[in-house]
Amino acid sequence: MTEIRGRVLFDGEAEGPFLRLRAPISFWGGVDPESGTIADPRHPDHGAEITGRILAVPETVGSSSSSAIMLELLRNGSAPAALILGRVDAILVLGVVVGRELSYKTVPVVEVASEATAAFRNGELV
Amino acid sequence: MTLTSDEQSVLDGADGPAAAVCMRVVVEMAGFLGAPRLIEISSAHIDGCLYHGDGGVEFAQRLVEDGARVAVPTTLNVGALDLLNPSRVNADPHSYQMARRQMAAYETMGCAPTWTCAPYQAGHRPGLGEHVAWGESNAVAFANSVLGARTNRYGDFMDICCAVVARAPYVGLHTDVERLATVVVDTSTVPERLKGADVFFPVLGSWLGRTLGARIAVIDGLPPSTGEDQLKALGAAAATTGAVGLFHVAGITPEARTVEAALGDRQPEDVIRLTPEAVRAARDELSTVAGESIDAVALGSPHFSLEEFTQLEELLPDRRFEVPFYVCTGRGVLEQLDAQGRTGPLIDAGVEIIVDTCVVVTPILPSTGGTLMTNSGKFALYSPSNIGYDVVYGSLEDCVASALTGRVERDESVWG
């Protein structure tokens, strides 16, 4: 069993296929909150499903509405099973904070240096 | 993290349940970001009033029901509706109702109904060194870079929470040291004529965001003529492709009297030369098709300023456009156009003026899809995913010329 260390922002247990995004992403404009797929045709993972995945996001760029998309993913039940953030900012994890305030089901969120997630392969159950 | 006794009492519910929720969110985010304390803010700009789904409406209405009021002057970013011309937006009835409720909730909390992503051109201009909490990526970049005010990139909902408790986490771009540039961008090999052209700035911004991520650059070698609308376009594109909340332009922006000043007299971690080849590649990335014909033109992301309307008016021909021609702006700018008798001639030429919202955040363009031409880096970057349109990027002059024929007309000479 592989173990990686990071900072826990939202604790919990989750299991699902691993998906590491190959490029930074703006959830607004980059993720469809209804289908839970990568919607930006310029993104290398365009079309990939994030629902139920252990999703490693190296960096979030772009829109400050990405927190709102994260909230809608939680509300719609189309969220990743867990988020592994390369770097925490005041946007993506905020969507989970607000989701908890609204009593939505939240997901575990950890901050882990991007290199550390290289131990996992895409699709691997973690 | 240390809270003052006032902050602790708000957290404990002394100012009511809404303020307690907002303080809880601010304090929790401050912890995640590693802030040692909170800092008082003097204004806020809210991006959370745009409808993305019912969750955002539920949060806003919950705050209203719990008695939330903003404690600092607060402006509102675009919503999903053109409130002055409701039929412009082709939203389904549920989305329309929810978007309206969401916008109303923020007004009820005491926010000014400015409905613009360029609040800095609608009278909301915090001064150098002033701490604020702004949302909307372009507004954040402008406030930090051009005005020298201090805000982090705050996501939707953090903005209203900060506004209600008049506090933000004291971390990141609020602190002196985190505002210093660590990267120098050398533009000396880019032709001067191109660097003086409006069409260069979204391209520079798009390249900057992709190249830097979240690092802070000082851009060296831009001409002294570089103006506010050019910096607005630069920041908007950089904040779309990157996590750029602040950039410096040597000799132009307030914290970059010189390159050395922007670096805080430290050695840069990196010096990146922007080559003419990289400029052309970044320009080409803004288009998704070479495009022979276009189906629409859209301008105004960020919202068109009065000065940009003047530029457009100077190019207006005496015949109508062949394709729909949308210009998105704030209602404050439209009021000035109206007062100056300028709206009629624009409409006569075929310009559709959209206020309170814009064409990539809500359904305004025909749902048939097609090719959109724009001079906005942000429209170029978001249109394919948000509204399913292919994009051709060009200058304002290119957009006007193309709208007259319905075919792509681009002046290639400026690119050298």
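Structure: see above.
One structure accompanies this document, and this report is about it. (Residues numbered from 1 in each chain as written. Chains lettered and ligands numbered in written order. Predicted model: local features only at pLDDT ≥ 70, side-chain atom pairs only at ≥ 80, totals over all residues.)

In this section: the sheet that holds strand β5 (residues 54-57) of chain A. Residue and element names in this part refer to chain A. The 5 strands are arranged β1-β7-β6-β5-β2 in an open sheet whose pairing can be described as mixed. The open sheet has two edge strands, β1 (7-10) and β2 (18-20), and neither has a second partner. Along the sheet, successive strands turn relative to each other by an average axial angle of 20°, direction set aside. Here strand β6 (residues 82-85) runs beside strand β7 (residues 109-111); their pairing, made up of 3 bridges, is parallel. Within β7, the residue paired with I84 across the bridge is V110. (Pairing = 2+ DSSP bridges. Helix = DSSP H or I, 4+ residues; strand = E, 2+ residues; numbered from the N terminus. Axes fitted to C-alpha atoms, helices over the stretch in contact; angles between N-to-C directions.)

Take the interface of chain A and chain B next. Each partner contributes residues to the interface: chain A has 33 residues there, and chain B has 39 residues. Elements with a contribution of two residues or more to the side of chain A that touches chain B: α1 (66-76) and α2 (92-101) of chain A. Per-element accounting of the side of chain A that touches chain B gives the leading share, 7 residues, to α1 of chain A. Considering only residue class, the side of chain A that touches chain B consists of 17 nonpolar, 9 polar and 7 charged. (Contact = placed C-beta atoms within 7 Å. Nonpolar A, V, L, I, M, F, W, Y, C, P; charged D, E, K, R; others polar.)

Let us look at the environment of I354 of chain B. Residues and elements named next belong to chain B. Turning to its location among the elements, I354 is positioned in strand β12 (residues 351-355). Put simply, I354 and R125 are 229 residues apart on the chain and 23 Å apart in space, counted from C-alpha to C-alpha. Residues contacting I354, with those up to four places away along its chain left out, are D82, R88, Y326, V327, C328, V359 and I364.

Attention now goes to the packing of helix α3 (residues 54-65) of chain B against helix α4 (residues 93-108) of chain B. Residue and element names in this part refer to chain B. As a packed pair, α3 and α4 sit with axes 9 Å apart at the nearest point and diverge in direction by 30°. If you check the angle between α3 and α4, you find them roughly parallel. Both α3 and α4 take part in a crossing whose hand is left-handed. Here D54, G56, V57, A60, Q61 and V64 of α3 come into contact with α4, specifically with M98, R101, Q102, A105, Y106 and T108. Classifying every residue of the contact of α3 with α4 gives 6 nonpolar, 4 polar and 2 charged. (Parallel < 35°, antiparallel > 145°, perpendicular 65-115°, else oblique. Left-handed = near helix turned anticlockwise from the far one by under 90°.)

Next up on the list: the sheet that holds strand β8 (residues 248-249) of chain B. Residue and element names in this part refer to chain B. The sheet built from 4 strands is open, its strands ordered β8-β7-β6-β9 with parallel pairing. Strands with a single pairing partner mark the edges of an open sheet, and in this sheet they are β8 and β9 (270-273). As defined by bridge partners, strand β6 (residues 183-186) adjoins β9 across 4 bridges and the pair is classed as parallel. By the bridge assignment, V185 is partnered in β9 with I272.

Residues and elements named next belong to chain B. Tracing the chain through its elements places C161 in helix α6 (residues 158-165). Take C161: there are 32 C-beta atoms within 10 Å of it, and that puts it in the buried class. Residues C161 and A18, spaced 143 residues apart in sequence, show a C-alpha to C-alpha distance of 9.0 Å. Apart from the residues lying within four places of it in its own chain, the contact partners of C161 are C22, V25 and V26. (Buried ≥ 20, exposed ≤ 12 C-beta atoms within 10 Å, placed from the backbone.)

A word on the nonpolar core. Residues and elements named next belong to chain B. Core analysis: the biggest nonpolar cluster contains 188 residues, and C22, V26, C162, V164, V165 and V297 have the highest contact counts within it. Among the elements that make up this core, the one with the highest residue count is helix α2 (residues 17-33) (11 residues). Excluding residues that lie within four positions of it along the chain, C162 makes contacts with V26, I41, A44, A133, Y154, R167 and A168. (Core = buried A, V, L, I, M, F, W, Y, C linked by C-beta atoms within 7 Å.)

Bringing helix α9 (residues 228-241) of chain B into the picture now. Residue and element names in this part refer to chain B. Helix length check: α9, at 14 residues, gives a terminal C-alpha distance of 20 Å against a target of 20 Å (1.5 Å per residue), a fit within 8%. Counting buried residues in α9 gives 12 out of 14 residues, a clear majority hidden from the surface. Along α9, the residues that are buried comprise Q230, L231, K232, A233, L234, G235, A236, A237, A238, A239, T240 and T241. Buried residues in α9 make contact with α5 (137-147), α8 (200-212), β8, β10 (296-304) and α15 (377-387). (Expected span 1.5 Å × (residues − 1).)

These figures capture arrangement, not role.
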